[in-house]
Amino acid sequence: MTPSDSTAAPNIPATAAGTYLIRGASLLGRETADLLIRGGLIAAVGPDLDAPEDAVVIEAAGLVVLPGMVDLHTHLREPGREDAETVETGTRAAALGGFTAVHAMANSNPVADTAGVVEQVYSLGRRSGWVDVRPVGAVTVGLEGERLAELGAMADSRARVRVFSDDGKCVSDPVLMRRALEYVKAFDGVIAQHAQEPRLTEGAQMNEGDVSAVLGLAGWPAVAEESIIARDVLLAQHTRSRLHVCHVSTAGSVEIIRWAKERGINVTAEATPHHLLLTDDLVRSYDPVYKVNPPLRTAADVEALRNGLADGTIDIVGTDHAPHPSEHKECEWAQAAMGMTGLETALSVVQHAMIDTGLMDWEGFARVTSITPAAIGALESQGRPLAAGEPANVILVNPSARRTVDPNKMASKGRNSPFAGLELPGVVQATFFAGHPTVLDGVLNTPHPVSTEESAWIA
């Protein structure tokens with residue numbers, strides 16, 4: 001994706017210098033100030049800062065400074081599915097999209113259900129250096145839903161796992177779900193549930209409704225999601241533990257989560273960019289790029305999700321970035337894999353659906369894409385205020401630029417973007433990860449260097 005020809009990008013030198021002065025940017029879309037980055041930290045914030053002799057000055061008038069985005073729901077596919085994505089390619093995509101941290105889901109091969117596998121993913125992320133990679137541990141062994149995985153060992157590992165999910169599959173056994181919720185309380189972990197009652201969705205191909213009836217495709221009813229969420233918020237209340245609901249997609253789910261929060265139940269929830277914009281009408285094309293789990297829903301569901309995100313019922317945006325090899329998508333609908341890419345388009349889609357519609361401002365954007373997901377995932381250095389002394393995980397965004405989505409120009413291996421050909425607002429001009437510019441002028445610069453101490457234990 002490239003900015004339109006009518007949009008001039010600031011001339012940012014492609015250098016790895018350790019000191020940067022961002023001049024004249026809008027902090028969270030509000031007041032204009034300068035921001036000095038030095039030694040991995042925000043050294044100063046204020047008007048008319050003096051530029052140190054060794055500083056690279058970035059003229060940022062018209063740009064918005066935000067905390068780096070944090071994705072609680074990314075499929076990096078490695079180990080075992082490197083034909084679809086690797087930690088290297090996925091984190092390059094993340095940096096370009098404005099992310100400084102991602103949580104890698106557990107449905108790799110082998111499944112991330114042991115300390116050894118999560119430490120491997122963590123080490124791959126440290127070696128790549130584009131963003132902070134935090135593995136998500138599986139709830140059950142092999143994602144099979146029969147017995148708990150090594151939750152404690154993963155939590156105590158070098159990866160310090162705090163989020164656990166069988167995403168792609170539902171923890172449908174209520175007894176097992178209760179035990180998982182009880183177990184993670186010992187280290188303040190959270191269970192992230194893929195809410196899908198499997199018996200209600202056998203053979204499902206799309207949302208159950210008017211469009212599925214016309215197309216003759218097996219429907220995925222809203223109640224299959226809502227019934228699991230209703231059960232699990234009650235289990236979270238009973239166990240006094242933390243529940244996170246992945247990729248909420250229906251208006252009924254929003255209402256159940258709102259009901260739970262009103263009663264003080266410790267539940268958080270996410271919406272994906274594609275569920276905030278796209279509807280099941282697109283399935284009339286039979287283009288498998290629109291096949292996803294949970295499926296695209298109705299316009300009424302989209303409206304409910306947007307309103308829920310705006311009023312805080314839905315806490316965060318999670319991309320559910322799910323790259324697939326082309327042969328798994330360029331085939332008949334019934335045989336196609338479920339999933340869409342999302343890391344490189346998330347900011348633009350959320351700006352289009354939430355900010356440009358007046359439902360949210362840039363401060364709210366930071367809350368749902370950085371501050372709250374960092375808190376849920378227990379990432380202390382992410383989602384921090386734009387203030388002196390804070391870690392310099394920040395991004396520069398040009399909100400007035402527009403770009404046409406071209407999957408063939410993405411860093412991700414996956415080409416299965418549902419936004420291909422759409423012109424969307426917002427371009428990430430720079431991404432600073434721990435004070436290092438991984439993206440400059442909208443293109444990849446260099447990864448954050450691995451320290452000598454770190455390289456001693458990274459295999």
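Our subject is the structure that appears above.
Since this is a predicted model, take the numbers as computed values, not measurements.

Another point: the environment of Gly 442. Summarising the element assignment, Gly 442 is placed in the loop between strand E19 (436–440) and strand E20 (443–444). By relative accessible area, Gly 442 is classed as partly exposed at 29%. When the C-alpha atoms of Gly 442 and Ser 108 are compared, they prove to be 30 Å apart, with 334 residues separating the residues in sequence. What Gly 442 contacts, discounting residues up to four positions off in sequence, is Leu 96, Val 428 and Gln 429.

Time to look at the state of the cysteines. Taken as a whole and judged by the stated rule, the model has 0 disulfides. Here Cys 246 stays unpaired: no disulfide links it, and the sulfur of Cys 170, its closest cysteine neighbor, is 10 Å away.

What follows is about the packing of aromatic side chains. The geometry of an aromatic ring pair comes down to the distance between the two centres and the angle between the two planes. Overall, the coordinates contain 4 aromatic pairs when judged by the stated rule. Seen in terms of ring centroids, Tyr 20 and Phe 432 are 5.1 Å apart; in terms of plane orientation they differ by 70 degrees. Their pairing is edge-to-face. Pair noted here: Tyr 20 is in strand E2 (residues 19–27) and Phe 432 is in strand E18 (residues 423–433), with a separation of 412 residues, a long-range link. Note on Tyr 20: relative accessible area 0%, which makes it buried. Note on Phe 432: relative accessible area 0%, which makes it buried. Between Phe 164 and Phe 187, the ring centres sit 5.9 Å apart and the planes meet at 55 degrees, which makes this aromatic pair tilted. With Phe 164 in strand E10 (residues 163–164) and Phe 187 in the loop between helix H4 (174–184) and strand E11 (190–193), this pair connects stretches of sequence that are 23 residues apart. For the residue pair Phe 164 and Phe 187, the accessibility class agrees, reading buried in each case.

Looking now at the packing of helix H7 (residues 251–262) against helix H8 (residues 299–311). Where H7 meets H8, the closest approach of the two axes is 8 Å, and the angle between their N-to-C directions is 30 degrees. Taken together, the axes of H7 and H8 are roughly parallel relative to one another. Of the residues in H8, those in contact with Ala 251, Val 254 and Arg 258 of H7 are Asp 301, Ala 304, Leu 305, Gly 308 and Asp 311. Residues of the contact of H7 with H8, tallied by class, amount to 4 nonpolar, 1 polar and 3 charged.

Take the sheet that holds strand E8 (residues 99–104) next. Spatially, 3 strands are ordered E7-E8-E9 in an open sheet, and the strand pairing comes out parallel. Only two strands of the sheet have a single partner each, and these edge strands are strand E7 (69–74) and strand E9 (132–135). Across the sheet, the mean angle from the axis of one strand to that of its neighbour is 20 degrees, orientation sign disregarded. Two elements, E8 and E9, share 4 bridges in a ladder whose sense is parallel. By the bridge assignment for E9, Ala 104 is matched with Pro 135.

A separate point is helix H10 (residues 362–376). The end-to-end C-alpha distance of H10, which contains 15 residues, comes to 20 Å, matching closely the 21 Å that a straight helix rising 1.5 Å per residue would cover. Of all bends in H10, the biggest is about 40 degrees, found at Val 368. Taking burial as the measure, the 15 residues of H10 include 11 buried ones, the bulk of the element. Considered for burial, the residues of H10 that qualify are Trp 362, Gly 364, Phe 365, Ala 366, Val 368, Thr 369, Ser 370, Thr 372, Pro 373, Ala 374 and Ile 376. Where H10 begins, the capping side chain belongs to Asp 361, and its oxygen is found 3.2 Å from the backbone nitrogen of Glu 363. One or two steps after H10, the chain reaches Ala 378, where phi turns positive at roughly 60 degrees.

With that out of the way, let us pick up the pairing of strand E15 (residues 267–271). Two faces, one strand: in a regular strand the side chains alternate between the faces of the sheet. Here E15 lies mainly inside the structure; 5 of its 5 residues are buried. Every second residue of E15 is oriented toward a common face, with Val 267, Ala 269 and Ala 271 on one face and Thr 268 and Glu 270 on the other, all of them buried. Relative to E15, strand E14 (residues 243–245) is paired through 3 bridges, and the arrangement is parallel. Of the residues in E15, the one forming a bridge with His 244 is Thr 268. Inspection of the sheet shows E15 paired to strand E16 (residues 316–317) by 2 bridges, in the parallel sense. Note on E16: the bridge partner recorded for Glu 270 is Ile 316. You can see the chain leave E15, run along H8 and come back into E16, and the turn it takes is right-handed.

Below, the discussion takes up the packing of helix H6 (residues 222–239) against H7. Orientation of H6 relative to H7, taken along the N-to-C sense of each, is 10 degrees, at an axis distance of 9 Å. Between H6 and H7, the crossing angle belongs to the class labelled roughly parallel. Facing Glu 225, Glu 226, Ile 229, Ala 230, Val 233 and Leu 234 of H6, the residues of H7 in contact are Gly 252, Ser 253, Ile 256, Ile 257, Trp 259 and Ala 260. Broken down by class, the residue content of the contact of H6 with H7 amounts to 8 nonpolar, 2 polar and 2 charged.

What counts as what
- Residues numbered from 1 in each chain as written.
- Predicted model: local features only at pLDDT ≥ 70, side-chain atom pairs only at ≥ 80, totals over all residues.
- Heavy atoms only, no water.
- Helix = DSSP H or I, 4+ residues; strand = E, 2+ residues; numbered from the N terminus.
- Buried < 20%, exposed > 50% of the residue type's maximum accessible area, 1.4 Å probe, protein only.
- Contact = heavy atoms within 4.5 Å.
- Disulfide = S-S within 2.5 Å.
- Phe/Tyr/Trp six-rings, centres within 6.5 Å; stacked < 30°, edge-to-face > 60°.
- Axes fitted to C-alpha atoms, helices over the stretch in contact; angles between N-to-C directions.
- Parallel < 35°, antiparallel > 145°, perpendicular 65-115°, else oblique.
- Nonpolar A, V, L, I, M, F, W, Y, C, P; charged D, E, K, R; others polar.
- Pairing = 2+ DSSP bridges.
- Expected span 1.5 Å × (residues − 1).
- Bend = angle between axes of the 7 residues up to and from the residue.
- Polar contact = N/O pair within 3.5 Å; in protein donor to acceptor, adjacent residues only side chain to side chain.
- Right-handed = clockwise from strand over helix to strand, strands pointing away.

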